[in-house]
Amino acid sequence: MSTLVAIGECMVELVPTGISECKQSFAGDTYNALVYAKRFANTLNCALFTAVGSDVLSANMLKCWQQEGISTQNVITTSDYNVGIYAISTDADGERSFDYWRNQSAAKHMMSLYSQKPFNLGLKESDWVFFSGISLGILDDESKQSLLTLLADFKKQGCTIAFDPNYRARMWQSKSHAIEWLERAYALSNVVLPGLDDHRVLFGHSSSAEIVKYCTQFDIDEIVIKAGSAGMQVYCKDDLKASCPFTPAAKQVDSTAAGDSFAGTYLAARMCAQNPQNALEMADSVASQVVQHQGAILPLDVYQSLNISLGK
Ligand SMILES: O=C(O)C(=O)C[C@H](O)[C@H](O)CO
């Protein structure tokens, strides 16, 4: 069984349902992707590498992962910090924005905790590792470097490294700070999943072709571009291998985790030997359902009704 390890932070997710009420669940970009990967391809072993606290919500979070079939074997637990929290607000078009309470979160310290007591993440050649700009953004610069060094070791062992830039401006001192680390991440990744919106803000790119041209300076095998109304494309080096037009969802309630569900489904499909065109189409179908529901993770029965998962 192949393993997909995602690296990052899972938080308590709050969706306000009234002035003094919230729907509470658990989410965070790389975790979200992992859930959608596991739901899509149950045969994959999916694990999150992170740190959590010893608080009651951290404990519930781990139970929730287990219900999703996500392995907790790569989780560091500490009593020095808590779990992070974020709340979703949506506008009339279902575009989401977030408020965060994550300064005391254990995941921000995952690399220093790991270096005090390193352990084997259980990866073998042919396994995949997924991280994002948020996985880097939560860490201080020294820890960002430790994470990239660890990823470089995995790559040397034969693992495939996948990266979604997922730019959150407030996590970075400046655009140039974000670009410096994003370029280091691109330089060691085999598969990248950039969004045109992020590249527009960071580099002034206005088309997929410009992203592909920019990526030629790195040794990336597969560039999976989410270009909004210009659709989605997959390039291997600068060869267009697959594309999918933009089809607006029937309604957009909450855009949270559209990109994460796309990434998780795409990566799982590729790990299971689906070709880029199939992977792209299936990832798009999942993402277009995700935006029709509140919160990052679709109710399981809604997901199952899509009938999209690969056979057991
Ligand atoms: O914004 C973050 O840091 C999160 O991970 C919260 C959300 O789940 C994520 O952004 C959705 O893509």
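Here, every reference points to the structure presented above.
Along each chain, residues carry numbers from 1 onward, in the same order as the chain's sequence is written. Where totals are concerned, whole chains, interfaces and linings use all residues; where local detail is concerned, this predicted model gives features only for residues with pLDDT of at least 70, and gives and counts side-chain atom pairs only at 80 or more. In computing side-chain properties, one takes all heavy atoms of the structure into account and sets aside hydrogens as well as water.

A. Inspection of the nonpolar core at higher detail. Only buried residues count toward a nonpolar core, which is a set of Ala, Val, Leu, Ile, Met, Phe, Trp, Tyr and Cys residues joined through side-chain atoms within 4.5 Å. Per-residue accessibility, obtained with a 1.4 Å probe over protein chains only, is compared with the maximum for each type, and a residue is labelled buried under 20%, exposed over 50%, and partly exposed between these values. Core analysis: the largest hydrophobic core is formed by 59 residues, its most contacted members being Trp-65, Phe-130, Tyr-266 and Leu-280. Setting aside residues no more than four positions away along its own chain, Trp-65 makes contact with Cys-10, Tyr-31, Leu-48, Thr-50, Val-52, Ile-70, Thr-72 and Val-75. Ile-76, Met-111, Ile-134 and Ile-211 belong to the second largest nonpolar core, which has 51 residues in total. The contact criterion used throughout is that any non-hydrogen atoms of two residues lie within 4.5 Å.

B. Examining the site of the ligand more closely. By convention in this text, a residue qualifies as near a molecule or strand provided that one of its non-hydrogen atoms is within 4 Å of it. Around the ligand lies a shell of 13 residues, among which Asp-29, Tyr-86, Tyr-100, Arg-168 and Asp-260 are the nearest. Tyr-100 is positioned with one of its side-chain polar atoms (N or O) 2.4 Å from an oxygen atom of the ligand. As used in this structure description, the phrase polar contact means that two N or O atoms lie within 3.5 Å; if the pair is within protein, one of them must be able to donate a hydrogen and the other to accept it, and residues adjacent in sequence are counted only when both atoms belong to side chains. Separating an oxygen atom of the ligand from a side-chain N or O atom of Asp-260 is a distance of 2.7 Å. For accessible areas, the Shrake-Rupley method is used with a probe of radius 1.4 Å. Any residue's cover is judged against the shown protein chains and nothing else. Summarising the interface, the protein chains cover 98% of the accessible area of the ligand, which totals 320 Å² for the free molecule. For the shell around the ligand, the secondary structure elements donating two or more residues are helix H1 (29-40) and strand S7 (96-101). Under the scheme applied here, ten amino acids are nonpolar (Ala, Val, Leu, Ile, Met, Phe, Trp, Tyr, Cys and Pro), four are charged (Asp, Glu, Lys and Arg), and all others, including Gly, are polar. Here the residues of the shell around the ligand sort into 6 nonpolar, 3 polar and 4 charged. Working definition: helices are DSSP H or I runs of at least four residues, strands are E runs of at least two. Numbering for both runs from the N terminus.

C. Spatial organisation of the pairing of strand S13 (residues 239-244). By definition, two strands form a pair when at least two bridges between them are found by DSSP. Sheet analysis places strand S12 (residues 232-236) next to S13, joined by 5 bridges and oriented antiparallel. Bridge pairing in S13 places Val-234 opposite Ala-242. If you look at the hairpin formed by S12 and S13, you'll find 2 residues sitting between the two strands, and Lys-237 has a positive phi there, around 55°.

D. Focus on the pattern of salt bridges. Within this document, salt bridges are pairs made up of a side-chain nitrogen of Lys or Arg and a carboxyl oxygen of Asp or Glu, the two lying within 4 Å of each other. Applying the stated rule across the entire model yields 11 salt bridges. With a shortest N-O distance of 2.9 Å, Glu-9 and Arg-102 are connected by a salt bridge. Note that Glu-9 is positioned in the loop between strand S1 (3-7) and strand S2 (11-18) and Arg-102 in the loop between S7 and helix H3 (110-116), a separation of 93 residues in sequence. Across the pair Glu-68 and Arg-39 runs a salt bridge, and its minimum N-O distance is 2.7 Å. With Glu-68 in the loop between helix H2 (56-67) and strand S5 (75-77) and Arg-39 in helix H1, this pair connects stretches of sequence that are 29 residues apart. Just as Glu-68 is buried, Arg-39 falls in that class too.

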